[in-house]
Amino acid sequence: MIAGIQDRIHQAARKAGRAAASVTLIAVSKQQSDERIDAVLASGVRVFGENRVREAGQRWQHRRPTFPDLQLHLIGPLQSNKAKEAVSLFDVFHTIDRQKIALAVAAELQAQNKQAACFIQVNTGEEPQKSGIAPYELSDFLSFCRIEAKLSVCGLMCIPPADEEPALHFALLRTLADTHGLSQLSMGMSADFEEAIAFGATHVRIGSAVFGSRASAVS
Ligand SMILES: *Cc1c(COP(=O)(O)O)cnc(C)c1O
């Protein structure tokens, strides 16, 4: 399954006139069994995504010593009371979306003497139930993250609305990133990663297409 996905990523990159190495596969391991995770690790994948801090700790803390080159990405919402735990576990943050979180992550990075790349999550569909800042808030929030929080913001992340054409949202995120001089785009999941790559995704977050369907339906 993993080889097939890597192949499709490479082909989509080539079709877009991009180097295969310009797209990072984040294997989203949330709710997956140890067996499946060990199989994907055995195939050489070292970049994994999780959406819950506590669950990710249980899954990855004990594996870290065996795989020193492991890279863990937090792709789910973060609460400031979990910032300490999150910063000690994760290498990249995809869901910076409010001042309080930006400050909490920044403070913990400093306290733990760590560095982490951060993506700002943009609610491109402006859905009330979804995390992320609205597109019009980006300029101010980006300045805040850089100047007040001193975070190193590398790009933008989005999760398109389930019932809309994802291409519209990928195009919007790309335009927003270009306008603000940001080079990284975290977009594209199992159902639409090839399209996301066509629109410039540098990080695709793929769960079920890599591991098989998840045990429970909760995201
Ligand atoms: C679960 C999840 C994914 C992966 O979803 P699949 O459809 O299984 O590929 C990607 N991004 C986020 C933010 C997720 O929560």
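Scroll up to find the structure this text is about.
First things first, this report covers the structure right here in the doc. (Residues numbered from 1 in each chain as written. Predicted model: local features only at pLDDT ≥ 70, side-chain atom pairs only at ≥ 80, totals over all residues. Heavy atoms only, no water.)

1. So, the environment of E50
Inference 1: In this structure, E50 sits in strand β2 (residues 47–50).
Inference 2: Residues in contact with E50, not counting those within four places in the same chain, are S29, K30, E55, A56, R59, W60, H73, L74, I75, G76 and F90. (Helix = DSSP H or I, 4+ residues; strand = E, 2+ residues; numbered from the N terminus. Contact = heavy atoms within 4.5 Å.)

2. Thoughts on the pattern of salt bridges
Inference 1: Scanning the model with the defined rule gives eleven salt bridges in all.
Inference 2: Note that D69 and R46 form a salt bridge whose closest N and O atoms lie 3.4 Å from each other. One end of the pair, D69, is in the loop between α3 (53–60) and β3 (71–74); the other, R46, is in the loop between α2 (34–42) and β2, and 23 residues separate them in sequence.
Inference 3: Classification of R46 by relative accessible area gives partly exposed; the value is 22%.
Inference 4: Put simply, E127 and K130 hold a salt bridge, and the shortest N to O gap is 2.8 Å.
Inference 5: For E127, a relative accessible area of 15% gives the class buried.
Inference 6: On the accessibility criterion, K130 (22% relative accessible area) is partly exposed.
Inference 7: Each of D34, D38 and R63 takes part in salt bridges that share partners, so that together they form one network. (Salt bridge = Lys/Arg side-chain N within 4 Å of Asp/Glu carboxyl O. Buried < 20%, exposed > 50% of the residue type's maximum accessible area, 1.4 Å probe, protein only.)

3. What about the site of the ligand?
Inference 1: Around the ligand, the neighbouring residues are V28, K30, I75, I159, M189, S190, R205, I206, G207, S208 and R214.
Inference 2: Here an oxygen atom of the ligand sits 2.7 Å away from a polar atom, N or O, in the side chain of K30.
Inference 3: One nitrogen or oxygen atom from the side chain of S190 is found 2.5 Å from an oxygen atom belonging to the ligand. (Near = heavy atom within 4 Å. Polar contact = N/O pair within 3.5 Å; in protein donor to acceptor, adjacent residues only side chain to side chain.)

4. Some remarks on the state of the cysteines
Inference 1: Using the criterion set out here, one finds zero disulfides in the structure.
Inference 2: Of the cysteine sulfurs around C118, a residue in no disulfide, the closest is that of C154, at 7.3 Å.
Inference 3: Overall, the relative accessible area of 18% leaves C154 in the buried class. (Disulfide = S-S within 2.5 Å.)

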